[in-house]
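# Structure assessment
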Amino acid sequence: MKRPKVALLGDLNIDTVLTISRFPQPGWDGLAESATVQIGGTVVNTAVVLRTLGVDCVLLGGVGDDVWAGYLRQKLKNIDVDLSGIATIKDVMTGLTFITVPPDGERTMFSYRGANVMYSPHHLEFSIFNTVDLLHLSGYTLLKPPQQEAAFVALAWAETQHLPICLDSGLQPVMEVPHIIEQVLPRITVGVLGLPEAIYLSGQQQPERVLMWMLDLGMKWAVLKMGAEGCWLANHSEALRLPAFPARVVDTTGAGDSFTAGIICGYLCKWGLALTAILANALGALATQVYGAGLALPGRAILRSYLQDLANRPDTSPWKEDFITLMSRIETMDDLLTPLQQERQ
């Protein structure tokens, strides 16, 4: 089996995760109970999970000429992510995100996007598009030029290579630049939208109608992320809804990015809607059970154990055979793992 490869265009960040008991009042001090520093950013998180699954990744984005860029590059190199698409941009810092996590696990982010926004068309290497099987875009690339311009050039290059294109829209880009998102959506093969942004864009209220709207735009797969309510997936032959799986939520950071990695893997491996939805839901649920994202996201051994537990639960019994089939499919990808990935299991 050929190892699939994905190009991911989006933000590359350093995340500082702070656990807090509550937000302070204006003028007061906020004291954290713990702090961790990790690599992060939507496409970094998705790439980490894809590497865990045996999918090769090349990241397209900008970093500063600073200590944080060196830290990020080394951590990515350690899991064999292709760094040839990362540009060093002078006189601007690597993206920094500060994430506060209260007891209910619903994180709040404060981000300085830094070098990410300065990634421009001339930083792109067309040769990368000759080596990949799919282009994945984060909706945040569409917020501001010149990164926005780089995203449109990447879209055009992917189209010349007849590559499938995946978009994870994100809520903020949809709310801030809906006209740009609307230009991009008809060019997308696999659309991953949260239900609030999909309703906002489509004007439809029911998930089934939103899915039909997405497919009518030209997508082959339409995906709705609904957090604690699970997900919807549809293609031109079928649609299905999968409830969320049980999870002990401590931090929602990276859950959507992990979910999207499952969608990309299932699409590239032609596993169909049901197995793909189960994989995506499981990865999203597991991400909520750890603090932070990036390399903190669970590896294959934890994914296997979680799927086995789900297969044995009475409340998930309707999908028991699918869980077993998915575990078997994942096992067949073991020979795609590099030694570095095997260490991370």
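Not measured: the values here are computed from a predicted model.

### Here we look at the overall build of the chain
Along the backbone of the chain there are 12 helices and 13 strands. In terms of overall dimensions, the chain has a C-alpha envelope of 55 × 50 × 45 Å along the principal axes. Expressed as a percentage of the 345 residues in the chain, the buried residues total 57%. Partitioning the contacts of the chain with sequence separation of at least 6, the portion at a separation of at least 24 is 71%. Summed over all atoms, the accessible surface of the chain reaches about 14300 Å², with 55% contributed by carbon and sulfur. One finds the centroid of the 25 positive side-chain charges in the chain at a distance of 4 Å from the centroid of its 34 negative side-chain charges.

### Quick look at the packing of helix α8 (residues 255-268) against helix α9 (residues 272-287)
When two helices pack together, their arrangement is given by the angle between the helix axes and the distance between those axes. The N-to-C vectors of α8 and α9 enclose an angle of 155°; their axes lie 7 Å apart at closest approach. Of the possible angle classes, the one that applies to α8 and α9 is roughly antiparallel. With respect to the hand of their crossing, α8 and α9 are arranged in right-handed fashion. Along its contact with α8, which presents A255, S258, F259, G262, I263, C265, G266 and Y267, the element α9 presents G272, T276, L279, A280, N281, L283, G284 and A287. Residues belonging to the contact of α8 with α9 are distributed by class as follows: 9 nonpolar, 7 polar and no charged.

### Focus on the side chain of D257
Note on placement: D257 falls in helix α8. With near-sequence residues (within four places) excluded, D257 lies in contact with G41, T42, N45, T46 and D168.

### Observations concerning the sheet that holds strand β3 (residues 32-40)
If you walk across this open sheet you meet the 4 strands as β3-β2-β6-β7, and the pairing is mixed. On the outer flanks of this sheet lie β3 and β7 (108-112), each paired with one strand and no other. Averaged over all neighbouring strand pairs, the angle between strand axes comes to 15°, with direction disregarded. Sheet topology note: the strand β2 (residues 13-20)/β3 ladder contains 8 bridges and is antiparallel. Directly across from T19, in β3, lies its bridge partner S34. Here helix α2 (residues 67-77) sits on the sheet and contacts β2, β3 and β6 (95-101); the angle it forms with β3, its principal contact strand, is near 70°.

### So, the packing of aromatic side chains
Under the definition given, this model contains 6 aromatic pairs. Note on W68 and Y71: the rings are 6.4 Å apart at their centroids and 90° apart in plane angle, and the pair reads as edge-to-face. Here the residue W68 and the residue Y71 both occupy positions in helix α2, the gap between them amounting to 3 residues, near one helical turn. Where W221 meets Y267, the ring centres are 5.1 Å apart and the plane angle is 85°; that geometry is what we call edge-to-face. Of the two residues, W221 sits in strand β11 (residues 221-225) while Y267 sits in helix α8, which places them 46 residues apart along the sequence. Site record: aromatic cluster; members linked through ring pairs are F126, F129 and W157.

### Some details on the environment of V250
Summarising the element assignment, V250 is placed in the loop between β13 (239-242) and α8. Taking the C-alpha atoms as reference points, V250 and V184, separated by 66 residues in sequence, lie 34 Å from one another. Excluding anything up to four places from it in sequence, V250 contacts V101, G105, T288, Q289, V290 and Y291.

How each quantity is defined
- Residues numbered from 1 in each chain as written.
- Predicted model: local features only at pLDDT ≥ 70, side-chain atom pairs only at ≥ 80, totals over all residues.
- Heavy atoms only, no water.
- Helix = DSSP H or I, 4+ residues; strand = E, 2+ residues; numbered from the N terminus.
- Buried < 20%, exposed > 50% of the residue type's maximum accessible area, 1.4 Å probe, protein only.
- Contact = heavy atoms within 4.5 Å.
- Areas by Shrake-Rupley, 256 points an atom, 1.4 Å probe, with all protein chains shown as cover.
- Lys, Arg positive; Asp, Glu negative; His and termini not counted.
- Charge placed at Lys NZ, Arg CZ, Asp CG, Glu CD.
- Axes fitted to C-alpha atoms, helices over the stretch in contact; angles between N-to-C directions.
- Parallel < 35°, antiparallel > 145°, perpendicular 65-115°, else oblique.
- Left-handed = near helix turned anticlockwise from the far one by under 90°.
- Nonpolar A, V, L, I, M, F, W, Y, C, P; charged D, E, K, R; others polar.
- Pairing = 2+ DSSP bridges.
- Phe/Tyr/Trp six-rings, centres within 6.5 Å; stacked < 30°, edge-to-face > 60°.

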